[in-house]
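Each chain, written out:
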Amino acid sequence: QVQLVESGGGLVQPGGSLRLSCAASGIIFSSHVMGWYRQAPGKQRELVASITTGGDTNYADSVKGRFTISRDNAKNMVYLQMNSLKPEDTAVYYCNAYNRLGSPINWGQGTQVTVSS
């Protein structure tokens, strides 16, 4: 069974930083592209960052230059370092793994990030 458990969210001031973590199990972690999504109230879930098995990264324009996705294959972990946070970054953040068709495999509970003064 595939399980993805996100952690590290919380309340932070604008301009602050948070580091999100995602623990993956039930998959051969090193064989999957991994991604971070977020969903704000009343909005669709959107992809904010992804990382390939080889370490190549991609970012949504809204977070490029502020967020960094990374992975540790030895620990089956993927991370999202978020710097220079803005109120519009407020959302529930989810990680996921992609299957051979490029579709996300499973959703965890997410972790809440709130950016507010």
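Scoring rules and cut-offs
Residues numbered from 1 in each chain as written. Predicted model: local features only at pLDDT ≥ 70, side-chain atom pairs only at ≥ 80, totals over all residues. Heavy atoms only, no water. Pairing = 2+ DSSP bridges. Helix = DSSP H or I, 4+ residues; strand = E, 2+ residues; numbered from the N terminus. Axes fitted to C-alpha atoms, helices over the stretch in contact; angles between N-to-C directions. Buried < 20%, exposed > 50% of the residue type's maximum accessible area, 1.4 Å probe, protein only. Contact = heavy atoms within 4.5 Å.

On to the sheet that holds strand β5 (residues 46–51). Strand order in this open sheet of six strands is β2-β10-β9-β4-β5-β6, and the pairing throughout is mixed. The open sheet terminates on both sides in strands that have one partner only, identified here as β2 (10–12) and β6 (57–59). If you compare each strand with its neighbour and ignore which way they point, the axes differ by 25° on average. By the bridge criterion, five bridges tie strand β4 (residues 34–39) to β5 in an arrangement that is antiparallel. Bridge pairing in β5 links W36 to A49.

Attention now moves to the environment of G9. Residue position: G9 is located in the loop between β1 (3–7) and β2. Residue classification places G9 among the partly exposed positions, given a relative accessible area of 32%. For the pair G9 and S21, spaced twelve residues apart in sequence, the C-alpha to C-alpha distance is 8.8 Å. In this view, G9 contacts L20, T111, Q112 and V113; residues no more than four positions away in its chain are not counted.

Here we take up the pairing of strand β8 (residues 77–82). Within β8, five of the six residues are buried, which leaves it mostly tucked inside the rest of the structure. Both strand β3 (residues 18–25) and β8 contribute to a ladder of six bridges, which runs antiparallel. Bridging across to β8, C22 finds its partner in V78. Where strand β7 (residues 67–72) and β8 come together, six bridges link them in antiparallel fashion. What sits directly across from S70, in β8, is Y79. The turn linking β7 back onto β8 is made up of four residues, and N76 within it adopts a positive phi angle of 55°.

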